[in-house]
Amino acid sequence: MRKPRVSMLLGGVLLCSASLLYLGLGGIDCPPKRPPHRYTWADSANQSLSIPMYLGEDTPLIFIGGFPRSGTTLMRAMLDAHNAVRCGEETRVIPRLLSMRATWSRSVRERLRLDEAGVTDQVLDAAVRAFLLEVIIGHGEPAPRLCNKDPFALKSLSYLAHIFPKAKFVLMLRDGRASVHSMISRKVTISGFDLTSYRDCLTKWSRAIESMYGQCQQVALQGGCLPLRYEQLVLHPEEEMRKLLHFLGLPWDPAVLHHQDLIGKVGGVSLSKVERSTDQVVNPVNTDALSKWVGHIPSDVMKEMAHIAPMLTRLGYDPMANPPDYSRSGSHRPLHNHTQVSEGPHLKRRLPPYTTTHR
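J.: Would you mind going over the state of the cysteines in detail, with residue names and values included?
T.: Within the structure shown, the criterion is met by two disulfides. In this model C87 forms its disulfide with C147; the gap between the sulfur atoms is 1.8 Å. The chirality of the disulfide connecting C87 with C147 is right-handed, given an S-S dihedral of about 130 degrees. One end of the pair, C87, is in the loop between β2 (85-86) and α3 (93-106); the other, C147, is in strand β3 (residues 145-149), with 60 residues separating them in the sequence. On the accessibility criterion, C147 (1% relative accessible area) is buried. Disulfide pairing is shown between C216 and C225; the S-S distance is 2.0 Å. When the S-S torsion is -105 degrees, as for the bridge of C216 with C225, the disulfide is left-handed. You can call C225 buried: its relative accessible area is 0%.

Next comes the structure, spelled out in structure tokens:
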């Protein structure tokens, strides 16, 4: 019985070899090349940037996140306009995988079962890291620096910093009253949030941002996380973007102030047709949405705002101001650990000499 099997295997190998030889001699037309990306750094004066090779935990990824409707899409569009960065649309699968991984870690019974099966934390971490890299690298063009924008991915900020110790994290913060009003008025559904209740959504906003902000503070101790306020980004875009690029170790690129000029162009800023913020970020940076929430939150909720959403006070927003003056309020003050967070490599520091392996 063994001899016929060996013969069949040999026959299969020979058949494949003959087929490959025939196809090679026949001359197969290669598929057309994809349109060139905008990263024409090799033809420009900026010769210090190179396409990175993504090497597991050493990958210098950029993660943008925060509570939905906090300016995460605007931030990624502005950063996408930089000639060395590619963010792209939300993947949606990344926060779901991270949530699943967190569930496994919290369940003692599940961890015991996994350990007994030889599926240790090291095995799971390597698998999650590989999955995230494949998604982030694969869903867009190569670039010297790749970033991911899935707002709730930063609910797992500490874990991401563990599996990607060289990653940088940008936590977008916004007045919770504005975020919640935008979510409710635009009917942005989030699992577990009652869009008919400002009280419920503000309470859960405070809990969610407390978790992400706390993790950011811890990672900031090693210089890995920068909290940025939406209000200051739209009021002082150049100042905030210079701060961000300094933190990321990237040179200044004025294109980040004019992201709208690159939308829809080859190698420009790609926007999703189904993301709720797309219709807003096609416009230049503006302050139109700063106080749209004023007058829409029920009076009983406004009276108890400090108790309902304690993170407002912690982040420097006046819970009783209606409307607040974002240009003068405590929201302009530096956040905790800000000096530790904002210190980064010099703007002209060269990026690691990586080369891409992505097709």
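J.: Break down the packing of α3 against helix α4 (residues 108-116) for me, with residues and values.
T.: Across the interface, α3 lies against α4 with an axial gap of 5 Å and an inter-helix angle of 95 degrees. When the axes of α3 and α4 are compared, the pair comes out roughly perpendicular. Contact with α3, carried on its side by W104, S105 and R106, involves V108, E110, R111 and L114 of α4 and no other residues of that element. Grouping the constituent residues of the contact of α3 with α4 by class yields three nonpolar, one polar and three charged.

J.: Quick rundown of the confidence of the model for the chain? Include the residues and the values.
T.: This prediction gives the chain a mean pLDDT of 80; 75% of its residues lie at or above 70. Long-range and interchain partners of residues 2-47, a stretch whose pLDDT sits below 50, account for 34 contacts in this model, where long-range means more than four residues apart. A low-confidence stretch, residues 336-359 stays under pLDDT 50, and its non-local contacts, those more than four residues away or across chains, total 60 contacts.

Rules used throughout
- Residues numbered from 1 in each chain as written.
- Predicted model: local features only at pLDDT ≥ 70, side-chain atom pairs only at ≥ 80, totals over all residues.
- Heavy atoms only, no water.
- Disulfide = S-S within 2.5 Å.
- Helix = DSSP H or I, 4+ residues; strand = E, 2+ residues; numbered from the N terminus.
- Buried < 20%, exposed > 50% of the residue type's maximum accessible area, 1.4 Å probe, protein only.
- Axes fitted to C-alpha atoms, helices over the stretch in contact; angles between N-to-C directions.
- Parallel < 35°, antiparallel > 145°, perpendicular 65-115°, else oblique.
- Contact = heavy atoms within 4.5 Å.
- Nonpolar A, V, L, I, M, F, W, Y, C, P; charged D, E, K, R; others polar.
- pLDDT = per-residue confidence, 0-100.

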